[in-house]
Amino acid sequence: MTAHSAIGAPPLVAHGGRLDAARRLYPNAPQPWIDLSTGVNPRAYPLPPLADEVFTRLPDDDAFAAIDSAARTAYGAPAGADVVPGGGAQAFIQMLPRVFPAKRVAILGFTYAEHAACWAAMGVQVDIVETLDAFANADVGVIVTPNNPDGRVVEPQDILSAATQMSQRGLLIVDESFMDFTPEGSVARFAQNESLVVLRSFGKAYGLPGLRLGFALCSHALGAKLRAALGPWAASGPALAIGARALADQAWRTGAARACAGDAARLDALLTQAGFYIVGGTTLFRLAAHPQASRFFVHLAARGLLTRGFADRPDGLRFGLPPNESAWARLAAALESVDGG
């Protein structure tokens, strides 16, 4: 974790979840730490009992067939699309620039910084743009919807129009990592489109990010390139077994979506009471603005509550959902104790 250059500003990290770094920076913070820096469901899917062979053998074709069927149904991918499993959406974000060379990439910003970082690392010109019209001269376009961190949603028909535009020269990547609880906004049902790659994350909605499971939904031709780059056994046996079980559990997903929506509304009320303006977010995280956001970050961290700041949005903090009533109480107390907040 590296310190922001401004005096009194929060230390900022490339990603949320760095409790190890937070503990080093704030060694006197009360324990246990409450991680509100990530957009992960705090009520994880209950882990099913697993056969020993899930751990003792490499995953076989049946394991991959099971995850294909479950993910295809859960995401609404058509029969004409490929469903490629891998080690989280991040694995695909890092792989795509290597599999699909480009000269210019347009990314609809302000958004998850890893997309720009991974393309730039390959020497590609990366433009952060404000409208889809700016995709016209790009080889690759990237849309994150719902957007991280502000929850912006790009309508499916607008995405399809952009995909049609990209089909003349390149690829449109749609990162739907936070789409599970709002499936009506997904373009997964159009994933057979030859110019479209849809990314889905398993760990966020199901509260199991450590499992490292995600998917690329795309045409068979694009899928073949991704599978070749991934190689065999791109996801672990435990990830495949748990993922197949969870993705097929529609009742759990419906209940989780309802619970998280209620928590998001509760968090909005708490933050508003503390003087924040709610910019947006999803049912898994909220982006809130305050002129003294940096001060709040430090104040909360000193009390064992880690939030997420942004170098290019210094007035913004992203808050994940507290995991239990004790965490809610600690957050409320910490917010109330900010002098002049």
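Going by the structure above, here's the rest.
Residues numbered from 1 in each chain as written. Predicted model: local features only at pLDDT ≥ 70, side-chain atom pairs only at ≥ 80, totals over all residues. Heavy atoms only, no water.

Strand order in the open sheet formed by 4 strands is S9-S10-S13-S12, with antiparallel pairing between adjacent strands. Each edge of the sheet is formed by a strand with only one pairing partner; in this case those strands are strand S9 (277-282) and strand S12 (308-309). (Pairing = 2+ DSSP bridges. Helix = DSSP H or I, 4+ residues; strand = E, 2+ residues; numbered from the N terminus.)

This part takes up the packing of aromatic side chains. Within this structure, the stated rule accounts for 10 aromatic pairs. Consider the rings of Tyr45 and Tyr206, whose centres lie 6.2 Å apart with planes at 70°: the pair is edge-to-face. Remark: Tyr206 occurs in helix H7 (residues 203-206) and Tyr45 occurs in the loop between strand S1 (34-35) and helix H2 (53-56); sequence separation between them is 161 residues. A single burial state applies to Tyr45 and to Tyr206, both of which are buried. By the ring-pair criterion, three or more aromatic residues cluster together here, those being Tyr45, Phe202, Tyr206 and Trp252. If you follow Lys204 out to its NZ or CZ, it ends over the ring of Phe178, 5.4 Å from the centre. For the cation-ring pair, Arg266 lies above Trp328, with the distance from its terminal atom to the ring centre recorded as 4.1 Å. (Phe/Tyr/Trp six-rings, centres within 6.5 Å; stacked < 30°, edge-to-face > 60°. Buried < 20%, exposed > 50% of the residue type's maximum accessible area, 1.4 Å probe, protein only. Lys NZ or Arg CZ within 6 Å of the ring centre and 35° of its normal.)

Looking now at the environment of Gly203. Relative to the helices and strands, Gly203 resides in helix H7. On a C-alpha basis, the gap between Gly203 and Ala241 in space is 14 Å, while along the polypeptide they are 38 residues apart. Leaving out residues up to four positions away in the same chain, Gly203 has contacts with Val40, Leu208, Pro209 and Leu213. (Contact = heavy atoms within 4.5 Å.)

Here we come to the environment of Arg308. Summarising the element assignment, Arg308 is placed in strand S12. For Arg308, a relative accessible area of 11% gives the class buried. Between the alpha carbons of Arg308 and Arg318 there is a distance of 5.0 Å; along the sequence they are 10 residues apart.

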